[in-house]
Amino acid sequence: MPHINKIYYLFIVFFFVVSFFTLKKRNYEVSDKNFILWFILFFFIGKIPYFFQNYSIGLDEGLMLAQSISLQKGMIFWSDVDFTTSGPLNSMVLIPINFLIGKADYITCRIAFFILNSLSLIFTFLTVSKIYDSSIARILIFFILLFFLGTTEPDFQHYSSELLSVTMLSISIYLSSKIYFNITKKTFKEFFIVGLLIGMLPFAKLQSIPLAFVIFLFSIYLLFLDIKRNNFKSTYCFFVGLSMFPLIMVIYIIHYNIFDDFLFLYLQENLKYGKDESFLKILFRFIDWFKMKSLNIHLYFSLFFIILSLCLSNINHKNKIDIKFNIYNYFILLYTLTSIYTITKSGFPFYHYFYFFLFFSCILNANFIHRTFVLGNKNKYVNITILIVSLLSVIYINPRIVNNPRVYNTKTIRLVNTVKKENDSIVVWGWNFDYYIKTQSPQGNMENHIARFFMWSHSNKIMTQKYILSLKKHSPFLIIDGMTSYSFFSDRSFIGIDTFPKIRHYIDSNYTKLCTLEENIIYIRNDRFKEVKDKLAIK
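Conventions adopted
- Residues numbered from 1 in each chain as written.
- Predicted model: local features only at pLDDT ≥ 70, side-chain atom pairs only at ≥ 80, totals over all residues.
- Heavy atoms only, no water.
- pLDDT = per-residue confidence, 0-100.
- Contact = heavy atoms within 4.5 Å.
- Axes fitted to C-alpha atoms, helices over the stretch in contact; angles between N-to-C directions.
- Helix = DSSP H or I, 4+ residues; strand = E, 2+ residues; numbered from the N terminus.
- Parallel < 35°, antiparallel > 145°, perpendicular 65-115°, else oblique.
- Left-handed = near helix turned anticlockwise from the far one by under 90°.
- Nonpolar A, V, L, I, M, F, W, Y, C, P; charged D, E, K, R; others polar.
- Core = buried A, V, L, I, M, F, W, Y, C linked by side-chain atoms within 4.5 Å.
- Buried < 20%, exposed > 50% of the residue type's maximum accessible area, 1.4 Å probe, protein only.

Asks: Tell me about the confidence of the model for the protein chain, and please be specific about residues and values.
Replies: On average, residues of the protein chain carry a pLDDT of 80, and 76% of them reach 70 or more. For the stretch residues 314–323, pLDDT sits under 50, and the model shows seven contacts to residues farther than four places along the chain or on other chains.

Below is the structure:
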């Protein structure tokens, strides 16, 4: 199978390169619309094998999928569903796709991955086309598509909590660019949407706030240009859009009386998230990440382009529009530097954080391509660069389909589906979301995994209280101690239920051990024990 996959992808790269040069020769005959359809089609073809992998490629997607099931059942943000470092919007975006395919499973995540990445690609293409021209945009999209086709890193094959934020940031930068280069035209609608997206970003991923702030600063500058022309309507539209979603969330938090949960679980805990390391040590980790073989196809070229862009961007030009490009480049440069800070701040080597850098480096890279390819010998540089990148993609390409590590759980899932009733919820102690997803059961506790207990030891006392209160509120009919040799956490002596006496006492007082199945210790609520025991004929 791995050899077949490699051949499959090599054929894709071959036809991709051939078609690219064909389209390049017919540059003025192929419209941007048809070009967009072309590269989205190639992106889809390249990801076809992953659409059939109906299991977790990355842990985060199982977490958000389980949360989407719970939200569909009417559970409340933060009070009933703790989103850890992710915001509620990342799980909510899965719900329409769940309805579309009829249930919540990992195919939902594959579809969300494709849609959001496609939108980011499209708006990055449109941004570069707006600033420079579509020929430069086509070169950059070629680079990034080869990255997606050739990367071996699973973090770029699954739905992660960065994708929605990156999509909203891509749209915001496109609209900001559109406003900047059309400042004399009416841009009320664009200002409103940019403001709306900035206001929504904190509820998708708090990590994106520094990037949202950079766009906010640039928007203020654009508003200042508008105000100088005695036009105040854009300012009104921007701030109405900016305040709309936060106001909705404030009303929601007040209505459900969940301010303490929101403050502690989402704001306070996320501000403490990360390793206690010096800023320079964290920043150097960004450079270390470039050593990863699976990442270097696009990122080496991004770094190369950025350095040259910095060297060339301040060249003085008498042409007024070149001065305008330089002003815009300060915004893009600040944004790119902020993205580097954003992905390294936590200190954790999560490679999907590179999404905050990947698309937007293309915009800064466009400056180098513009000055070198357009102002210099365009055809020579384009051909050499495309051939080098294509060669690298063939060398590094080694796509892998992640083997399903949780095929063991069929008996446990069958048991849950046999004894559960409508609206029954379950709890899994450990880190295995398959039990929620394969049984389509909402989580019976705000914490659907135990990351808080593992990574935030300073808050264990508060988390223990919240965990027990959540168990009392939802009264799940089944609790699965899922810390097995197959799960992400397997050492019960380290972080098992017994290491938290209050939780252990609550379970012993209200639940009875039903059985041990596939290393899982399964507890049933006392009032359901006899019924289930008779149904399963357990002695």
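Asks: How would you sum up the packing of helix α9 (residues 188–200) against helix α10 (residues 209–227)? Please name residues and give values.
Replies: One way to put it is that α9 packs onto α10 with a least axis distance of 10 Å and a crossing angle of 155 degrees. Between α9 and α10, the angle is such that the two are roughly antiparallel. Crossing handedness for the pair α9 and α10: left-handed. Facing Phe 191, Val 194 and Ile 198 of α9, the residues of α10 in contact are Ala 212, Ile 215, Phe 216, Ser 219, Leu 222, Leu 223 and Asp 226. Taken together, the residues of the contact of α9 with α10 break down into eight nonpolar, one polar and one charged.

Asks: Pulling in residues and values, what's your account of the nonpolar core?
Replies: Core analysis: the biggest nonpolar cluster contains 153 residues, and Phe 39 and Tyr 328 have the highest contact counts within it. The element contributing the most residues to this core is helix α6 (residues 106–131), with 13 residues. The contacts of Phe 39, once residues within four sequence positions are left out, are Leu 121, Ile 122, Phe 125, Ile 141 and Leu 145.

Asks: Summarise the environment of Asp 491; cite the residues concerned and give the values.
Replies: Topologically, Asp 491 is positioned in the loop between β2 (478–481) and α22 (492–495). Under the relative-accessibility criterion, Asp 491 is labelled partly exposed at 39%. Spatially, the C-alpha atom of Asp 491 lies 9.8 Å from that of Gly 430, the residues being 61 residues apart in sequence. Among all residues touching Asp 491, those that are not within four sequence positions of it are Met 483 and Gly 496.

Asks: An account of the environment of Tyr 335 is requested, with residue identities and associated values reported.
Replies: With respect to the secondary-structure elements, Tyr 335 resides in helix α15 (residues 320–344). Expressed as a C-alpha distance, the spacing of Tyr 335 and Ser 361, which sit 26 residues apart in the sequence, is 9.2 Å. Contacts of Tyr 335, omitting those with residues within four sequence positions, involve Leu 169, Ile 173, Leu 211, Val 214, Ile 215 and Phe 360.

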